[in-house]
Amino acid sequence: MTIAIIGAGIGGLSTALSLERAGFDDIRVYERVRELRPLGVGINLLPHAVRELTELGLRDAVEAIAATPRRLSYVNRYGQLIWSEARGTAAGYRWPQLSVHRGRLQLALVEAVHERLGAGAIRLGHRLTGLDAPGTARSARAVFETPGGEVAVDADLVIAADGIHSAVRALHYPDEGAPPGNGLTLWRGTATVPQFLDGATMIMAGDDQLKFVAYPLRHEPDGTVTVNFIAEQRADPSRAETADWNRAVPIAPVARLFSEWRFDWLDVPAVIASAHELLEYPMVDRDPLPRWTFGRSTLLGDAAHAMYPNGSNGASQAIIDARTLANSLATAGDADEGLRRYEEARRPATADLLALTRQQGPERVMVLAHERAPEGFADIEDVIPAAELQEIADGYKRAAGFHPEALNVRASFDARADAREEAGRP
């Protein structure tokens, strides 16, 4: 089977590696940029995604460039603890949670694709301009604009992993328009700062009006820590819709928004002021779709279900998509049945998760604390009962597919017989 993957991001590269693992070898990845560079900021890979990377034989390579958070704590804008829970193996998972720079992870996946599928498996400078995948055909044709002119590629299957601005999605849904926002502006950056708490805790502070997130990416030899952080504010409603998103912005005005957020254990404005660079983003997602698959083409990752970052789950869900698709294709009687199984498994699940992120996901505990005790509290259980906090945390894990009791015993997505043994590596 000839397979063309559109997009060399985390979703597309994970798909190529998952398909190779499942026994497919005629795979090409087509990427519009002419050079892959380690762009972006930090992301979290939750245990269900790390399980899949383990089964792909990539865990050691990713762990070598990642930090391993062992706790997640939610606090209000006064630094008072709302909820805290263990993460990764400290929470009873068989796999850790990993925090890694998105660009470094992407390059690690590129290296693995080259090793397993050959140096020519990734074709750069290919911008998709057309796709013909009629429902009655057993093949598809993708058309690309390249530096050398137009190129047509015939494949038995085309997988669109080309992100929130997916060209393939736009071809199938031409009237959809730009991704809708929820009125929040995010600023993302990295900074090297003194270690806070135990050095292995991810913190989320604030509420639905103003929020700050930080977690370690790398521990430095001098005892400091390089963190990834996100500062978030309810946007000015007069802001123009044509704002130039994903751009570097001045740091000082954002730090001033958090000028009073100096906790005993973390100086939030000092972290922001120490940023190496600050990038601005809108909080946007995509509405759920009634259909992902058209003939011999299908959507994957953000192209299928871009969602708010509440819960730190976007990259993890793309990896789960990739593994589910590869397993469905490898175990079904034909490609059409494999595509049907993939969409049946993933489209409803991601639609439910997308709806939950629009309700703040697990970060809802911060919203409730602010609504019920805007000036702070002496005891969080006077504000939110422990059982309610626990259910919010557990409900999100169940919806996202990484509740430890279920994940630890779930059958492998790997069609290879030795997957179970490998997945259980401590």
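The rules behind these values
Residues numbered from 1 in each chain as written. Predicted model: local features only at pLDDT ≥ 70, side-chain atom pairs only at ≥ 80, totals over all residues. Heavy atoms only, no water. Helix = DSSP H or I, 4+ residues; strand = E, 2+ residues; numbered from the N terminus. Expected span 1.5 Å × (residues − 1). Bend = angle between axes of the 7 residues up to and from the residue. Buried < 20%, exposed > 50% of the residue type's maximum accessible area, 1.4 Å probe, protein only. Contact = heavy atoms within 4.5 Å. Pairing = 2+ DSSP bridges. Axes fitted to C-alpha atoms, helices over the stretch in contact; angles between N-to-C directions. Salt bridge = Lys/Arg side-chain N within 4 Å of Asp/Glu carboxyl O. pLDDT = per-residue confidence, 0-100.

Quick word on helix 10 (residues 335-357)
When the terminal C-alpha atoms of helix 10 are compared, their 32 Å separation across 23 residues agrees well with the 33 Å that a helix rising 1.5 Å per residue should span. The largest bend in helix 10 is about 25°, located at E343. Of the positions making up helix 10, those classed as buried are A335, G338, L339, Y342, E343, R346, T350, L353, L354 and T357. In this structure, the buried side of helix 10 is in contact with strand 12 (157-160), strand 19 (297-299), helix 8 (302-305), helix 9 (314-331) and helix 12 (386-400).

Some details on the side chain of R87
Tracing the backbone shows R87 in the loop between strand 6 (81-86) and strand 7 (98-101). Once you skip the residues sitting within four places of it in the chain, R87 turns out to touch L46, P69, R70, R71, L72, Q97, K397 and F402.

Side note on the sheet that holds strand 11 (residues 149-155)
Ordered in space as 9-10-11, the three strands form an open sheet in which the pairing is antiparallel. With one partner strand each, in any of the chains shown, strand 9 (127-132) and strand 11 form the two edges of the open sheet. Strand after strand, the sheet turns through a mean of 25° between neighbouring axes, direction not considered. Of the pairings in the sheet, the one linking strand 9 to strand 10 (residues 140-146) comprises five bridges and is antiparallel in character. Bridge pairing in strand 10 links L131 to A142.

Looking at the environment of A137
Its location among the elements puts A137 in the loop between strand 9 and strand 10. Judged by its relative accessible area of 22%, A137 falls in the partly exposed class. In this structure, the C-alpha to C-alpha distance between A137 and P282, residues 145 residues apart in sequence, is 39 Å.

Things to note about the pattern of salt bridges
Counting across every chain of the model gives 30 salt bridges. Put simply, R77 and D207 hold a salt bridge, and the shortest N to O gap is 3.0 Å. Here D207 lies in the loop between strand 14 (201-206) and strand 15 (210-219) and R77 lies in the loop between strand 5 (71-75) and strand 6, a separation of 130 residues in the sequence. Residue R77 is classed as partly exposed on the basis of its relative accessible area, which comes to 23%.

Section: the confidence of the model for the protein
For the protein, the average pLDDT comes to 93, and 95% of its residues sit at 70 or higher. Throughout residues 417-426 the model reports pLDDT below 50, and contacts reaching past four residues in sequence, or to other chains, amount to 24 contacts.

Examining unusual backbone geometry
Phi angles above zero are rare outside glycine, and L197 is one such case at about 50°. Relative to the helices and strands, L197 resides in the loop between strand 13 (181-194) and strand 14. Judged by relative accessible area, L197 falls into the partly exposed class, the value being 43%. Phi is positive for S312, which is not a glycine, with a value near 55°.

Digging into the sheet that holds strand 3 (residues 42-45)
With antiparallel pairing, three strands are arranged side by side in an open sheet as 3-7-4. Looking at the sheet topology across the chains shown, the edges are occupied by strand 3 and strand 4 (66-67). Pairing analysis gives four bridges linking strand 3 to strand 7, with the strands arranged antiparallel. Bridging across to strand 7, N44 finds its partner in S99.

Some points on the side chain of R346
Within the element layout of this structure, R346 appears in helix 10. Apart from residues no more than four positions distant in its own chain, R346 is found in contact with W292, Q317, I320, D321 and T324.

Focus on the pairing of strand 12
Burial along strand 12 is two-sided: L157 and I159 and V158 and A160, pointing in opposite directions, are all buried. The pairing of strand 1 (residues 2-6) with strand 12 spans four bridges and is parallel. Residue pairing in the sheet places A4 in a bridge with V158 of strand 12. Sheet analysis places strand 12 next to strand 19, joined by three bridges and oriented parallel. What sits directly across from I159, in strand 19, is T298.

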